[in-house]
Amino acid sequence: MMDPGSAEQGPAQLRAQSFSGAVNMDEDVTYNKVEDVVGSHVEDAVTFWAQSINRNRDIVKIGCALAEVCPQSSSVFGNPDLNKIYAGLFSEDKCWYRCKVQKVISDEKCLVRYIDYGNTEILNRSEIVEIPLNLQFPDVAKKYRLWGLQIPSGQEVTQFDQGRSFLGSLIFEKEIKMRHKATYQDGTIVAQAEYGNVDIGEEVAKKGYAEKCKLPSSNNVPEEKKTDPGQLGLGNLKSPIPLWGHRPNPSAFTRPKGRFNGRMVPDLKTKTLVTFPKERLAVGDFNLGSNVSLEKIKQDQKLIEENEKLKAEKEALLESYRELELKVEQTSLELQRAKVTSMELTKHLENTLHTHVGTRMKSLAAKVEILKEVRRANINVRCGDDLSDAVKVVAEGHLVTPSSLDDLEKIWEEYNLAQEKIQICQNVNEGDILIAKRNEVRQKLYTAVEVFIVEVDELSLNKRLKTLQELSASLEAVYGQTREVTNAEEILHKFYEWKHGKREEFNRVRTETDTSLQLLAEWFSSTIKFFDLNDEESLSSEEVIGNVDEILEKIESDVCKELEISLVEQGDTDKEIILNTYNEVLQKIRSEERLITIVQAKYKASIEFKKQIMEWLNKSPNVDHLLSIKKTLKGLKAQLRWKLVEKNNLEEADDCNEPEIEKIKEEITQLRHRVFEKIYHEQEEYEKLTSLVQKWFPELPLLHPEAGILKYMNSGGILTVSLERDLLDAEPMKELSSKRPLVCSEVDGQKVLLKGYSVDMDTEATVIQRAARYHKAWRESKEESGLLPLMFLFLCKSDPLAYLMVPYYPRASLSAVQASTPLSAEEALKVMKGVAHGLHTLHKANIIHGSLHHNNIFVLNRERGIVGDFDFTKSVLCVQNQEFEINEDGIPEVDGLHLDDDVKTLLSSLIYCRNSMTAEQVLNAECFLLPKITLITYPEKDSECEEKEELEEENLDMYDEKARNSEDNFDQ
C-alpha cells in the first residue's frame, strides 16, 4: 500500500530533502548506533519505514488488543485530532491497526498513516475508531533514509517507481542492520543499511536509482565566515558522506564528541548554542559616516538573519529533546513490560517441562490413531489404483466390432436401395425385374441376419454394457465431468510411470513408519523389563533409556510424512496426470458403449426382420381380401339404396302402410350398420397392406392399382372411397350452415357431423393433404392430443364436394357453455389447459391452427377442453381481434379483468405482440401447474334455483339468436 502523500513528491523534491532542515546529532546516543530492524514500507529509492526486531512481540500484542476493542469502539466524530492515535480498518485484510490522521480529504474520507508500519491509506470515517489510553504509545515503525544518497534530479517517474520496487526487494520483511548517522527534525533517521554482507545503499546507487550527495564547496563561503567563530550554528552541520568503492571500516567515521572539522559544536545535552546577539552585530554607534565598508554592513545583516534562524532551530532541537525524553520513558516502560512477559514465558516453560513427556506421547498417540484410520480406509484413489483397475477392465473385455456386422450393413444397404427403386418404379414390366433382384438380395440379407444373430448371441452385450455403465458412474462420482484429450498412448504411459513412482514412495514411507514404530515397541519392551524388579536380567539405565529422544523424533517425522502423503491435497501435476487418464478411460468407455448400442440396435432390427420376413420369403401378399370386402360393400350399398327408394315410395303413397315403413326402416338401419362394419374391415385391411408396403413390399400399389392403396396412404388413413353422402340419414343443421353445408347424422349410435367443403381439381389434393396431417397429429396421442378427432373424409361423386365426418357434441362449444352455465374459475383453467395441449400437439406437427375462437373450442363434461378442426381449404386464416389498452412498453393492460393473477400474467404474455409464446410455454404456465382458485358455493334456496334456471333459458335463447346471425367462421 503506497502513501498517497509521498506519491505526490517527484524525484527532484525528494533529492532536495537530502540535507534540508536541522540535524540532531547526539554523538553518545545516536551517531553510529546499531540496531536490527525489519522493513515494512518503502516510499522511494532512499526512504523506507522499518520496525525494530525487538518489537515483534509488541506488534502481536497490539494486534490482539485492537481486534478485541475496536469492534465495540465508536467511530471518529467531528474534526479528528491529527496528533492523536486511532485505529483504522485496513482494506486488504480487514484487520485493525493503529494510525494517525494525516489529512481530512472530505466529510467522509480521511488520509491516515499506519504508525506501526509506515504505509498510508484513505479510509471512510466509519473505518476509523477511538482506542483506549493504554494503546496510545509511540509508533513502532520508524522512518529511515539511506546515508549519503539522494534522488537524482530530473528522474523520470518510471525509474522512480523501479527504484522504489528495487529497494523494497532488498529490505521488505527482511532483517536489516542499521548504523545511525543523523536524525532529521521530523524524526527521519539517516543511517547506513546492511543486509548480511550487502550494503543496501551501495546496491541502490549501483543501479542508478539514487546518487551521492554533493557537499557545498568551501570556496564559495566568504573568508570572514570561515574564521569567525560566531558564525557557527547547527545549520552548518553536515552528515559524513560515504566514499563508495573504498569506504573504510565504519568505525573510522566516528568523531570526537563536540567537534566537527576541528571546530567546536554546541553541546546538545546542555542545550547551549553559540550565537552572536543582535546588540553585538548591530552596534549602536555605527553610522554611515564610519570607515566600515558597505560589504561589511551586508555581512553583518546576514549574520543577524542567520542568528534568528539558529534560534528557531534551537527551539526545534529542544522540542525534539523533549520528545526523545518521552520516548526513553516509554521505552523504559516497554522494557519493564517485556521483562514481565519474559518472566511469564519462563514460568510457563518450566510448567511445560514438567508435562513434556506426557504431552509429546499424547501428540504422537493422536497422530498414530489418525494413521490407523487412514490405513483402514481405501487410499487407492491417491495412488490411481481405481484408474489402473478401470484401464484393465476396459482393455481386457473390450468389445470388437462383430465381423458379420460389416457384411450385414452392406447387404442391408443394397436391400434398401432395391426397395427404393421398386418404390419409384412406374412400369410393371420393369418392376417385375426389380422385384426379382430384390428377392435375391432379401434372401442374402436373411442369411446375413442369421449369421449376425448367432455371433451376437455369443457376446454378453448386456453384461458388458452394465459393467461399463457401473464403472463410468463410479469414476464420474469421484472425478466429475470429462473433457476431450489426445495422445492416448502418451497419457497412459505417463500415468503408469507416475503411479509406479507414487507407489514406491508410498511403500518406502510406510516401511520407514513401520520400522520406527517397531523400534519404539522394542524400547518399551526393554523398559518394561528394566522396571520389573522381579526380572533377573540385568540392564543398565543407559542401555534402556538410550536414544529415546531420537526414536520419538524419528517416529513423529515418519508418521507425519505418511499422513502428509495420504491426506494432503495432491499437486497440480499429479491432478493433471490423473484427470488426463480419467478422461482417456471415459472416452474409451463411451466409445465402447456407443458400439454396443449400435450392435444391439442392429440385433433388434435383425430379430424383427427375421420374425416378419419368414412368412414372405417364398410368397407375396395379395389384395384379394380387400377386393372381396369392396365387392361386398358394393352389394350392401346397392341394397341400401334400393331400400331407401322403397321407403320413399311408401312414404309418398296415398295409402301409407306404417308397419311396412317401420319394417323397411329397420332393414335400412341394419344395412347401414353392415355397411359401416365392412368399411371398418376395409380400413383394417388397408392398414395391413400399408404396413407391408412401407416395410417389405413397396410394389403393391404398382401391381394392384385397382385397390387404391397409394391414395389411402397419402391421406394418412382418413380417406375412404366406400362412403357416400346419400347412404346416411342426415339432418341439415340450418342454424350452423351459414358458411358451408352442415348436416347431422348417426353412426353406430354416435352423433356425427358432416361438414361439406367445395373443392375442385386443385384444392381436392390440398384438402386431403391437410386433413391427413391433422389426423396424423391426433392419432399419435389420440385422447391426450387435445384435438377434435376426424372420423372419415370422403368425396361426393355427383357434386364437387368433400365431406369431413367428425363427432358431434351438442351445445358443447365454449360459447354455448358460457351462455348457458358459465364455467367456474377452476373449470375454466382445466378447459384452457386442454386447449393448450391441443395447440401444442398441432405445433409439434408444424401445423398453425389460425382459427381458434369460442365456437371452435369444445368443453367435454365441463372438465376437458379440446380444439376443433379448421377449414382445410384455406391457406391464410383470419384471427378475430380484441381491443386492449396497451402500455408504452407494448404490454397489454389486463388489470381491469376479474381474473387470478397467474391467469392475467398468461393472458398478457399471449397478447404481447413483441414476445410470442409457444404452446409448450403456455402449457407450463403457473396457473396450469398449481391452480389457486377455489370453487364458489351458492346457498341452496329454491327461489335462487328458479331464478338461475330462468337465466339459463334466457342465455340459451340469446346464444341461439347470436349463432344464427353470426358472421364468424364456424369450424368444428
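An unreviewed UniProt entry lists the protein under the name Serine/threonine kinase 31, from Sarcophilus harrisii.

Colleague: Break down the overall build of the protein for me, with residues and values.
Modeller: From N to C terminus, the protein includes 28 helices and 23 strands. The buried share among the 972 residues of the protein stands at 40%. In the protein, once contacts between residues fewer than 6 apart in sequence are set aside, the share between residues at least 24 apart is 74%.

Colleague: Outline the side chain of R125, supporting the account with residue identities and numerical values.
Modeller: Relative to the assigned elements, R125 resides in the loop between β7 (120-124) and β8 (128-129). For the buried residue R125, which engages in no salt bridge, the nearest side chain bearing the opposite charge is D107, 5.7 Å off. Separated by 2.6 Å, the side chain of R125 and the backbone oxygen of D107 make a polar contact. Ignoring any residue separated from it by four or fewer positions in sequence, one finds R125 in contact with S75, V76, G78, P80, V104, S106, D107, E108 and C110.

Colleague: Quick rundown of the confidence of the model for the protein? Include the residues and the values.
Modeller: Summarising the model, the protein shows a mean pLDDT of 77, and 77% of its residues fall at 70 or more. Summarising per-element confidence for the protein, the mean pLDDT is lowest in strand β15 (residues 259-260) (32) and highest in strand β4 (residues 86-89) (95). Contacts for the low-pLDDT stretch residues 216-292, under 50 throughout, to residues beyond four places or in other chains number 112 contacts. Counting contacts from residues 930-972, a segment whose pLDDT is below 50, to residues more than four positions away or on other chains yields 59 contacts.

Colleague: An account of the pairing of strand β21 (residues 801-807) is requested, with residue identities and associated values reported.
Modeller: Where burial is concerned, most of β21 is hidden: seven out of the seven residues are buried. On β21, burial covers both faces: L801, Y803, M805 and P807 on one face and A802, L804 and V806 on the other are all buried. Pairing between strand β20 (residues 792-795) and β21: four bridges, direction antiparallel. Residue pairing in the sheet places L795 in a bridge with A802 of β21. Hairpin connection, β20 to β21: the antiparallel pair is bridged by five residues.

Colleague: If you had to explain the packing of helix α13 (residues 461-479) against helix α17 (residues 572-613) to someone new, which residues and values would you point to?
Modeller: Running from amino to carboxyl end, α13 crosses α17 at an angle of 150°, the nearest separation of the two axes being 10 Å. It follows from the interaxial angle that α13 and α17 lie roughly antiparallel. In terms of crossing hand, the pair formed by α13 and α17 is left-handed. Of the residues in α17, those in contact with L461, N462, R464, L465, L468, Q469, L471, S472, L475, E476 and Y479 of α13 are I578, L579, Y582, V585, L586, I589, R590, E592, E593, I596, V599 and Q600. Of the residues contributing to the contact of α13 with α17, the split by class is 14 nonpolar, four polar and five charged.

Colleague: If you had to explain the sheet that holds strand β17 (residues 731-732) to someone new, which residues and values would you point to?
Modeller: Read across the open sheet, the five strands follow the order β17-β18-β19-β21-β20; overall the sheet is antiparallel. Here the strands that pair on one side only, and so sit at the sheet edges, are β17 and β20. Note that β17 and strand β18 (residues 742-747) share two bridges and pair antiparallel. If you follow P732 over to β18, its bridge partner there is V743. Lying over the sheet, helix α19 (residues 658-695) contacts β18, β20 and β21, oriented at roughly 100° with respect to β20.

Colleague: Which residues make up the pattern of salt bridges, and what values do they have?
Modeller: Following the criterion strictly, the structure yields 34 salt bridges and no others. A salt bridge links K84 to E130, with the shortest nitrogen-to-oxygen separation between them at 2.7 Å. Here K84 is found in the loop between α3 (56-69) and β4, whereas its partner E130 is found in the loop between β8 and β9 (141-146), with 46 residues between them in sequence. Residue class for K84 comes out partly exposed when judged on its relative accessible area of 29%. Here K637 makes a salt bridge to E724, at a shortest N to O gap of 3.5 Å. Within this pair, whereas K637 is found in helix α18 (residues 624-652), its partner E724 is found in the loop between α21 (709-714) and β17, the two being separated by 87 residues in sequence. E724 gets classed as buried once you look at its relative accessible area, which sits at 11%. Each of K637, R641, E724 and K797 takes part in a single network of salt bridges with overlapping partners.

Colleague: Describe in detail unusual backbone geometry, supporting the description with residues and values.
Modeller: For E173, which is not glycine, the phi dihedral falls at a positive 55°. For E173, a relative accessible area of 62% corresponds to the exposed category. The backbone of N861 sits at a positive phi, close to 60°, despite the residue not being glycine. Look at N861 and you get exposed, because its relative accessible area is 69%.

Colleague: Which residues make up the nonpolar core, and what are the values?
Modeller: Counting 51 residues, the largest nonpolar core has L445, L475, F609 and I709 as its most contacted members. The set of elements that each furnish at least two residues to this core consists of α10 (385-396), α11 (403-424), α12 (428-457), α13, α14 (488-531), α17, α19 and α21. With 11 residues, α17 is the single largest residue contributor to this core. Once you skip the residues sitting within four places of it in the chain, L445 turns out to touch L408, I411, W412, Y415 and F609. Counting residues in hydrophobic clusters, the runner-up holds 37 residues, among them V767, L788, L842 and F872.

Colleague: Lay out the pairing of strand β5 (residues 96-104) in plain terms, naming residues and giving numbers.
Modeller: Looking at chain direction, β4 and β5 are connected through four bridges and run antiparallel. Across the sheet, the residue bridging to L89 is W96, located in β5. Adjacent in sequence and paired antiparallel, β4 and β5 are bridged by six residues, among which K94 carries a positive phi angle near 55°. Strand direction decides the pairing type here: β5 and strand β6 (residues 109-114), joined by five bridges, are antiparallel. Paired with V104 across the bridge in β6 is C110. Counting the residues in the hairpin turn of β5 and β6 gives four residues.

Colleague: Lay out the side chain of T341 in plain terms, naming residues and giving numbers.
Modeller: Inspection of the secondary structure puts T341 in helix α8 (residues 294-354). Taking relative accessible area as the criterion, T341 reaches 12% and is therefore assigned buried. Look past the residues within four positions of T341 in its chain and what remains in contact with it is R57 and K61.

Colleague: Got a sec to walk through the sheet that holds β5? Specific residues and values, please.
Modeller: Ordered by their spatial adjacency, five strands build an open sheet running β7-β6-β5-β4-β8, and the pairing between neighbours is antiparallel. The open sheet has two edge strands, β7 and β8, and neither has a second partner. Relative to β8, β4 runs antiparallel, the two sharing two bridges. Opposite A87, over in β8, you have V129 as the bridge partner.

Colleague: Could you give me a rundown of a negative patch on the surface, with the residues and numbers involved?
Modeller: Together, E677, D729, E731, E746 and D748 line one region of the surface with negative charge. Following the sequence through the fold, E677 ends up in helix α19. Judged by its relative accessible area of 37%, E677 falls in the partly exposed class.

Colleague: Mind laying out the packing of aromatic side chains, listing which residues take part and the relevant values?
Modeller: Here the structure, examined in full by the defined rule, presents 18 aromatic pairs. Ring pairing ties together the aromatic residues F90, Y97, Y114 and Y117, which thus form one cluster. The aromatic ring of F137 is capped on one face by R98, whose charged end is 4.1 Å from the ring centroid.

Colleague: How would you explain the packing of α11 against α17 if you had to name every residue and give the values?
Modeller: For the pair α11 and α17, the least separation of the axes is 12 Å and the interaxial angle reads 55°. Classed by the angle they form, the pair α11 and α17 counts as oblique. By crossing handedness, the relation of α11 to α17 is classed as left-handed. Contact with α11, carried on its side by L405, L408, E409, W412 and Y415, involves V599, K602, A605, S606 and F609 of α17 and no other residues of that element. Of the residues contributing to the contact of α11 with α17, the split by class is seven nonpolar, one polar and two charged.

Colleague: An account of α11 is requested, with residue identities and associated values reported.
Modeller: Taking 1.5 Å per residue, 22 residues should reach 32 Å; α11 reaches 33 Å between its end C-alpha atoms and fits that length. For α11, the full list of buried residues reads S404, L405, L408, I411, W412, Y415, A418, Q419 and I422. Take α11 and look down its axis: the buried residues cluster within an arc of 145°, on one side only. In α11, the exposed positions that point more than 90 degrees away from the buried face belong to K410, E413 and I424.

The rules we used
Residues numbered from 1 in each chain as written. Predicted model: local features only at pLDDT ≥ 70, side-chain atom pairs only at ≥ 80, totals over all residues. Heavy atoms only, no water. Helix = DSSP H or I, 4+ residues; strand = E, 2+ residues; numbered from the N terminus. Buried < 20%, exposed > 50% of the residue type's maximum accessible area, 1.4 Å probe, protein only. Contact = heavy atoms within 4.5 Å. Lys, Arg positive; Asp, Glu negative; His and termini not counted. Salt bridge = Lys/Arg side-chain N within 4 Å of Asp/Glu carboxyl O. Polar contact = N/O pair within 3.5 Å; in protein donor to acceptor, adjacent residues only side chain to side chain. pLDDT = per-residue confidence, 0-100. Pairing = 2+ DSSP bridges. Axes fitted to C-alpha atoms, helices over the stretch in contact; angles between N-to-C directions. Parallel < 35°, antiparallel > 145°, perpendicular 65-115°, else oblique. Left-handed = near helix turned anticlockwise from the far one by under 90°. Nonpolar A, V, L, I, M, F, W, Y, C, P; charged D, E, K, R; others polar. Core = buried A, V, L, I, M, F, W, Y, C linked by side-chain atoms within 4.5 Å. Patch = residues over 30% accessible without salt bridge, like charges linked within 9 Å, V, L, I, M, F, W, Y side chains within 5 Å. Areas by Shrake-Rupley, 256 points an atom, 1.4 Å probe, with all protein chains shown as cover. Charge placed at Lys NZ, Arg CZ, Asp CG, Glu CD. Phe/Tyr/Trp six-rings, centres within 6.5 Å; stacked < 30°, edge-to-face > 60°. Lys NZ or Arg CZ within 6 Å of the ring centre and 35° of its normal. Expected span 1.5 Å × (residues − 1). Arc of directions from axis to C-beta.

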